[in-house]
Amino acid sequence: MITCDLLVYQPFEPTGHGLACDGASIQSIVDHAGTPTYVYSARAIRDAYRAIDDAFASYPHVIHYALKANSTLAIMRLLRSLGSRADANSGGEIRVAERAGFAPSDIVFTGVGKTREELEYAIATGVGAINAESAGELDRIAALACTQGRVARVAVRVNPDIDAQSHPNISTGLRTNKFGVPLQDARAIYRERRGTKGLRLVGVHIHIGSQITTLDPLRRAAASLVSLALELGDDGVSLEHLDLGGGLGIAYEGRPIINPADYAGAVIPELRRSGVPVVLEPGRAVVGHSGALVARVVDTKRFPDGRTFAVLDAGMGELIRPALYGSFHRIVPVAPRPGAETAWDVVGPICESSDVFARDRMLPPLEVDDLVAILDAGAYGSVMGSNYNRHLLPAEVMVDAGAWTVIRRRQTLEDVLSLES
Ligand code: LLP
């Protein structure tokens, strides 16, 4: 049965004193921290992490949180304290994970297009596994490992040609996508490298996309990975883990979608055919609901056709998902004004017509200086920020048990210009 992931803890709730995050008033946070600011709930992260961990309790598993969703150090440290390991997608993310206290052996290194320098670093520091994206990359890893006199632990990412039924920009498991090696080539790639010096073939890896909201693609991906693992077993390759990647979606719009228990219920029966421990790389499902981008209305205007705009001090530089994928994010006024809801276009300040958070969104009256919170922005929000139009990266605040701390200060123009001559 499919249950609704909105059953998970929702940290942003209206109170008599306006919107609050875990009991901390958003108004008082931004009185100190300014706008735009990302506000995160530590409790929401804990709850979401544990929901995934609990869902897989009946099967040997480890969670490697995908840093790409949000790698602010305080969030990484919180996840480490919960027992999470890390999935890094670049040399930079490996170093951030290490800075947050993760042991190299608890990091998997994924990602298409790893540079020689990144591979050298990953091998030297001794990451838990490098998820190789091609036969050529495997051979480069072997050569670099031999040069260092080390053995690199590797998995191969397979591309199963499965449609994740997500947005095309974040689907990665089709044969037209750039990711992985074709599933039908994988067995030969492993077989030919069974005794290769410098390589230890410890796993197989798959990741078919992100914001996946139906079980069938996830089940099929697991099934194809398990079938490959069984074939590799016949070939004498004994695997330590099957890496299922990430991809579990969250409910941005409030309609029922799959939750971690549904996901586990779909893939564990497949995994049992192998008995091999599973690695999970969730990103969005861990941090997505935990964060909101709080912004201020800086202008309002009405066009003759009746279209009404609220212009915010945050835009695609702070949260690019709506502009890039047409993504829906709930928008709530921090202190809703009395009055009828009308249709608003909520837009950012950037000189691009795509800099729009929502069109025709029903909202109560908005006036200049009002605060709004754009919800479910904990994943792929801050990390995708840019300085376009010379906007400065926002501050980030974490609320824990009603108290809040600045976990990243607002960028200054001096920070930005310090790189320039
Ligand atoms: N593992 C690999 C190899 C990945 O490529 C990704 C995400 C993940 C794990 C984590 O996936 P998640 O559990 O978060 O779905 N910027 C886009 C999402 C891009 C996802 C890229 N890969 C967005 O804002 O929706």
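Cut-offs used in this document
Residues numbered from 1 in each chain as written. Predicted model: local features only at pLDDT ≥ 70, side-chain atom pairs only at ≥ 80, totals over all residues. Heavy atoms only, no water. Core = buried A, V, L, I, M, F, W, Y, C linked by side-chain atoms within 4.5 Å. Buried < 20%, exposed > 50% of the residue type's maximum accessible area, 1.4 Å probe, protein only. Helix = DSSP H or I, 4+ residues; strand = E, 2+ residues; numbered from the N terminus. Domains from an automatic or database assignment. Pairing = 2+ DSSP bridges. Right-handed = clockwise from strand over helix to strand, strands pointing away.

**Quick look at the nonpolar core**
For soluble globular proteins, the rule of thumb is that nonpolar side chains tend to be buried together. Counting residues in each nonpolar core, the largest one holds 102 residues, and the members touching the most others are Phe56, Ile130, Ile141, Leu242, Leu244 and Leu271. Here the element with the most residues in this core is helix α8 (residues 215-234); it accounts for nine residues. Shared between two domains, this core takes at least three residues from each, and those domains are domain 1 (12-41 + 288-417) and domain 2 (42-286). Residues Leu19, Ala33, Leu371 and Val397 belong to the second largest nonpolar core, which totals 17 residues.

**Concerning the sheet that holds strand β2 (residues 18-21)**
For sheets, the rule is that strands pair by backbone hydrogen bonds, running either parallel or antiparallel. Sheet architecture is open: three strands sit in the order β1-β2-β3, paired in antiparallel fashion. Looking at strand neighbours, the two that pair on one side only are β1 (12-15) and β3 (24-25), the edges of this open sheet. In terms of strand pairing, β2 meets β3 through two bridges, oriented antiparallel. Opposite Cys21, over in β3, you have Ala24 as the bridge partner.

**Quick notes on the pairing of strand β11 (residues 199-205)**
A large share of β11 lies buried, amounting to six of its seven residues. Where strand β9 (residues 152-159) and β11 come together, six bridges link them in parallel fashion. For Ala152, the partnering residue across the bridge sits in β11 and is Leu199. As defined by bridge partners, β11 adjoins strand β12 (residues 241-243) across three bridges and the pair is classed as parallel. Residue pairing for β12: His205 is matched across the bridge by Asp243. A crossover links β11 with its parallel partner β12, the connecting element being α8, and its sense is right-handed.

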